[in-house]
Amino acid sequence: MLLFNKKISLLALFCAAFASATTLAEISWPETPAAQLAKQRLQAFNTGDAAKLQAFKTAHEPDMQLERELAFRQMTGGFEALRVTQDDAGQVTVIIREHDGDRVGSMTLQLDGNDSKRVKSVSLKPMAIVPADLMPTRLSEHDAQQRLQRKAQKLLAEDQFAGNLLVARGGDIRLQQHFGDARRDTAQKHTANTQFRLGSMYKMFTAIAVLQLVERGQLQLDAPLITYLSDYPNTTLAKHTTLRHLLTHTGGTGDIFTDEYQQQRLNTREHADYIRLFGQRASEFTPGSREAYSNYGYVLLGRVIERVSGQSYHRYVHDHIFKPAGMRATGAEPEEQVRTQLSVGYMHSEKGLVNNRDTLPWRGTAAGGGYSTTGDLQLFVQALLSGKLISAQTLAAATRSQTPSGLYGYGFQLGGEGTARHFGHVGGAEGMNGALRIYPATGDVVIALSNMGPPAAESLVEYYGNRMPLVTPVATKSQ
């Protein structure tokens, strides 16, 4: 597969942009076996035709997971090949752009060493820094916002987006708009007060909570997990995995959205329940040796916060993050206590758009879930940048690269360079997508929340971020 996961697309996490409309036919494909198979594979993938993908699978790639490829095709709309950057007899790397979007990544196809017509592996990864000639033209603030609104309206008309946008600069809200229905059955529209499920955006709150406890001397980033969870079932994992590993997705602790979880979804309610479910599981690799996105790692951080603070995770983040920031519309109530302001999530199915309720966990966790508004997230940003939540020194560490990819800090995803450098987080699953970007050099903040799945919101945040003016730095207002 092209690195697609039910809960999160790696390409959708951190990507940059491209402006022109290069197609498969317009680039020069080398005549090597690897390049030609890459071309054929992209062509089959882009059709979205199960029969054509199956034909490629049968002829060249037996390990292809057809259902995931088709789901990924639906989510991305396909890819355009922009440039071949590496090519030899056994491997090719191609820069690709998501169709009708800005996300850019690289696809590497490797051949089986014993058969030049058989694909050994295909991997996709985002580009932290995109070549300058592949970037869109920077616009004035007015023109960039006009383009953003037109893009949102287009996606709304295509049933690919519904939700809220907020753009701020220097603490001043410059654009705040609402699109589409919060509830389709009653035609209830989105408003400034609409709450949206955040998915993995909640990891920012978890990281801030951990860093607060570090600043108070109650936690140490390089202490092993067993220091705080002495009764953890797999003692080997607990002795060799540190809090730093968990914060940076380098602990090998794996995911939580497994078949085992699905069978017990509504009975898995607290962080301790997840540990009972997965606590015997071994590390997927030696902690610190690799980087692999891990929701379970953040569940473990949530349990650590509970043990050390003496509060539930949800009470802690309310008292120490939401309340100081003035965030009154953010939380993670159990789904049975859903509030009327909470937007209903919709996902595409053979029957059309359907409610995502049957896919939701009992409540959000430290790894993701919960809900907020664009306004509350802007308050979070201002509290974060003004030093209300953690010190400037700690924030600087949290928002610089702490991983081999260079794309993750402590609970924050990173991208861009120079005045275009940004940090924040995206979150997404069926019927929900959100994204927040903070540009520290310019004071810009871009937020989108949607009640439709990826890349409904994150594509709009990226679209504006790639076109907004990179003006002289401005001071961010404090609360």
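Treat the numbers as computed from the prediction; the structure is a model and nothing was measured.

Topic: the nonpolar core
Consideration 1: F205, L225, Y232, Y296, I321, F380 and L384 are the most contacted members of the largest nonpolar core, which has 69 residues in total.
Consideration 2: If you tally residues by element for this core, the top one is helix α6 (residues 202-215), at nine residues.
Consideration 3: The residues touching F205, leaving out its near neighbours within four places in the chain, are L198, Y313, V317, I321, F322, M327, T330, L377 and F380.

Observations regarding the sheet that holds strand β6 (residues 172-179)
Consideration 1: On the basis of which strands lie adjacent, the open sheet formed by six strands has the order β6-β5-β16-β15-β14-β13 and antiparallel pairing. Strand pairing shows two members of the sheet lacking a second neighbour, β6 and β13 (413-415), which therefore form its edges. Taken pair by pair, the neighbouring strands of this sheet meet at an average axis angle of 15 degrees, ignoring direction.
Consideration 2: For β13 and strand β14 (residues 422-429), the ladder comprises three bridges, and the chain directions are antiparallel. Considered in β14, the bridge of L414 is made with F423.
Consideration 3: Across the face of the sheet, helix α5 (residues 141-157) comes into contact with β5 (163-169) and β6 while running at roughly 15 degrees to β6.

Notes on the confidence of the model for the protein chain
Consideration 1: When pLDDT is averaged along the protein chain, the result is 90, and 93% of the positions lie at 70 or above.
Consideration 2: Low pLDDT, under 50, characterises residues 1-23; the stretch is placed with 94 contacts to residues that sit more than four places away or in other chains.

Digging into the pairing of strand β3 (residues 104-112)
Consideration 1: Counting buried positions along β3 gives seven out of nine residues, so the element sits mostly inside the fold.
Consideration 2: Relative to β3, strand β2 (residues 91-98) runs antiparallel, the two sharing seven bridges. For V94, the partnering residue across the bridge sits in β3 and is M107.
Consideration 3: Direction of pairing for β3 relative to strand β4 (residues 115-126): antiparallel, over a ladder of eight bridges. Residue pairing for β4: L109 is matched across the bridge by V122.

Thoughts on the packing of helix α10 (residues 271-278) against helix α11 (residues 295-309)
Consideration 1: The contact between α10 and α11 brings their axes to 9 Å, and the two run at 130 degrees. In terms of axis orientation, α10 runs oblique to α11. Considering only the axes of α10 and α11, their crossing is left-handed. Packed against α10, whose contacting residues are H271, A272, Y274, I275 and F278, the element α11 presents Y296, V299, L300, G302, R303 and E306 at the interface.
Consideration 2: Residue composition of the contact of α10 with α11, grouped by class: seven nonpolar, two polar and two charged.

Concerning the sheet that holds strand β1 (residues 79-87)
Consideration 1: Taken in spatial order, the four strands of this open sheet run β1-β2-β3-β4, and their pairing is antiparallel. The sheet is open, and its two edges are formed by β1 and β4, each paired on a single side. Along the sheet, successive strands turn relative to each other by an average axial angle of 25 degrees, direction set aside.
Consideration 2: Relative to β3, helix α2 (residues 33-47) is tilted by about 125 degrees, and along the sheet it contacts β1, β2, β3 and β4.

Looking at unusual backbone geometry
Working note: non-glycine residues mostly have negative phi, and peptide bonds are mostly trans.
Consideration 1: A cis amide bond links P454 with the next residue in sequence, P455, at an omega value of 5 degrees.
Consideration 2: Among the secondary structure elements, P455 is positioned in the loop between β16 (444-450) and α15 (458-465).
Consideration 3: A positive phi is found at A187, a non-glycine position, where the angle reads about 60 degrees.
Consideration 4: Residue A187 is classed as partly exposed on the basis of its relative accessible area of 45%.
Consideration 5: Phi at H249 takes a positive value of approximately 60 degrees, unusual for a residue other than glycine.
Consideration 6: Tracing the backbone shows H249 in the loop between α8 (243-247) and α9 (259-263).

Rules behind the numbers
Residues numbered from 1 in each chain as written. Predicted model: local features only at pLDDT ≥ 70, side-chain atom pairs only at ≥ 80, totals over all residues. Heavy atoms only, no water. Core = buried A, V, L, I, M, F, W, Y, C linked by side-chain atoms within 4.5 Å. Buried < 20%, exposed > 50% of the residue type's maximum accessible area, 1.4 Å probe, protein only. Helix = DSSP H or I, 4+ residues; strand = E, 2+ residues; numbered from the N terminus. Contact = heavy atoms within 4.5 Å. Pairing = 2+ DSSP bridges. Axes fitted to C-alpha atoms, helices over the stretch in contact; angles between N-to-C directions. pLDDT = per-residue confidence, 0-100. Parallel < 35°, antiparallel > 145°, perpendicular 65-115°, else oblique. Left-handed = near helix turned anticlockwise from the far one by under 90°. Nonpolar A, V, L, I, M, F, W, Y, C, P; charged D, E, K, R; others polar.

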